[in-house]
Amino acid sequence: MTEAYIVDSIRTAGGRRDGALRDWHPADLGGEILNALVDRTGIDPAAVDDVIVGCVTQAGQQAFAFGRNCVLASNLPQSVPAVTIDRQCGSSQQSIQFAAQAVMSGTQDVVIAMGVESMTRVPMFSNVTLHRKAGLGGPFSDRIGARYGTTEFSQFKGAEMIARKHGLDRETLDRFALESHRRAQTATEAGAFAEEILPLAVGDGLHDRDEGIRADASLDGISAVRTLEDGGMITAANASQICDGAAGVMIVSEAALKRHGLTPRARIVNLTVTAGDPVIMLEEPIPATARALDRAGMKIDDIDLYEVNEAFAPVPLAWLKETGADPARLNVNGGAIALGHPLGASGARLMTTLLSGLRQTGGRYGLQTMCEGGGIANVTIVEAV
């Protein structure tokens, strides 16, 4: 089987809702990521076999073959095809896995996996509410309702369920959120994100710093934020931030490395995706990680850095508890609570940050996972080379 290698990855800095990236059309955000990957690697853009774009809310400016529109908004020739996929929050992590599978199968040699989400221009759930307003109902049929006793599958409720199941209290969640901001701020000040961020023109300047990081965050301030439901523990402060952004990864075969004179940054070690309970929903990274490690013949201590998406604080905390992972290796430069969670772009963003972290720390193996709507989880293990 052909090996798959990552030769480069890049992301935009996260933009708050109605923030720095509000004037950027999402297709143009995607186009800039494509341009940057081609420019940085020096590859002939016509050599790109395919572009796989993760995007969750495929409506409005993110509709109508959105992935193809990203290519059309770039400097790539129109001969480069593209496709748009939705695996909820794991959409661009799945883009990476599909790209790697294409390379490993020998059917393609150069594939760009990326994700884009403008949560300012295309609000979360807008693709669902449009249908409901038109009287066409929601995405969950009566048959699904009969099977699970509900047609209201809520990530917020799932996060509350995880916190209670794993014995997590509000203070623990809030302390984790504070640490996310502290780590992200420290990383920013140290220039840890410099190599992974693509500066974008905004107004009279450049957007090159994640807007969601709160340098003045305090436990008192986070603890004062009201819970999303009475008697709950989840708040806007210990959950991921709404965010605009894009990120991309170029994945190639060994033949392409030689043909185009490319230098690999990492080798794909394992690609795993699993599914479980769609009601608690966000717990699936735990069994998915166990399966990925087993298939790779590895143990959690073999992994030098972990990126576990901070959709809600209970998700990585429960993952830490159940896997026995070292908290010091988790989201070392902060996570989505501070950096933001641009839905379909987050998978590629996490991989980009993971690769930077491995380079900066001299680590060998990295593991990335995230919870996804419907009770799905992806796990990707890479080896720095």
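Residues numbered from 1 in each chain as written. Predicted model: local features only at pLDDT ≥ 70, side-chain atom pairs only at ≥ 80, totals over all residues. Heavy atoms only, no water.

Asker: Can you help me understand unusual backbone geometry in this one?
Answerer: Where the residue is not glycine, phi is negative for most of them; where a peptide bond is considered, it is trans in most cases. The residue A65 is not glycine, and still its phi comes out positive at about 50 degrees. As for its placement among the helices and strands, A65 is situated in the loop between β3 (50-54) and α2 (66-72). Judged by relative accessible area, which is 49%, A65 ranks as partly exposed. The phi dihedral of N331 is positive, around 45 degrees, even though this residue is not glycine. Within the element layout of this structure, N331 appears in the loop between α11 (314-323) and α12 (336-339). For N331, a relative accessible area of 3% corresponds to the buried category. (Helix = DSSP H or I, 4+ residues; strand = E, 2+ residues; numbered from the N terminus. Buried < 20%, exposed > 50% of the residue type's maximum accessible area, 1.4 Å probe, protein only.)

Asker: Would you explain helix α7 (residues 170-190) in this entry?
Answerer: Within an α-helix, residues lying three or four positions from one another point in the same direction, as the helix has 3.6 residues per turn. The end-to-end C-alpha distance of α7, which contains 21 residues, comes to 30 Å, matching closely the 30 Å that a straight helix rising 1.5 Å per residue would cover. For α7, the set of buried residues is R170, L173, D174, F176, A177, L178, S180, H181, A184, Q185, A187 and T188. Lining the buried residues of α7 we find α8 (219-223), α11 and α12. Once α7 finishes, G191 follows within two positions and takes phi at roughly 80 degrees, a positive value. (Expected span 1.5 Å × (residues − 1). Contact = heavy atoms within 4.5 Å.)

Asker: Help me out: how do you make sense of the pairing of strand β12 (residues 376-384) in this one?
Answerer: A regular strand places its side chains so that they alternate between the two faces of the sheet. For β12, the tally of buried residues reaches seven of nine residues, placing the bulk of the element in the interior. Sheet topology note: the strand β9 (residues 266-275)/β12 ladder contains nine bridges and is antiparallel. Residue pairing in the sheet places T274 in a bridge with A377 of β12. Taking the residues that link successive antiparallel strands as the turn, the strand β11 (residues 365-372)-β12 hairpin has three residues, and the phi of G374 there is positive, at about 90 degrees. (Pairing = 2+ DSSP bridges.)

Asker: Explain the nonpolar core here, please?
Answerer: The tendency in soluble globular proteins is for nonpolar side chains to be buried side by side. Counting residues in each nonpolar core, the largest one holds 44 residues, and the members touching the most others are L282, I303, Y306, F312, W319 and I381. Within the residue set of this core, elements represented by two or more residues are α6 (155-165), α7, α10 (285-296), β10 (305-308), α11, β11 and β12. Per element, the largest residue contribution to this core is five residues, and it comes from α11. Not counting the four nearest positions on each side in its chain, I303 is found in contact with L293, M298, R329, Y365, G366, L367 and I381. Among the nonpolar cores identified, the runner-up in size contains 36 residues, and L21, V71, M114 and A246 belong to it. (Core = buried A, V, L, I, M, F, W, Y, C linked by side-chain atoms within 4.5 Å.)

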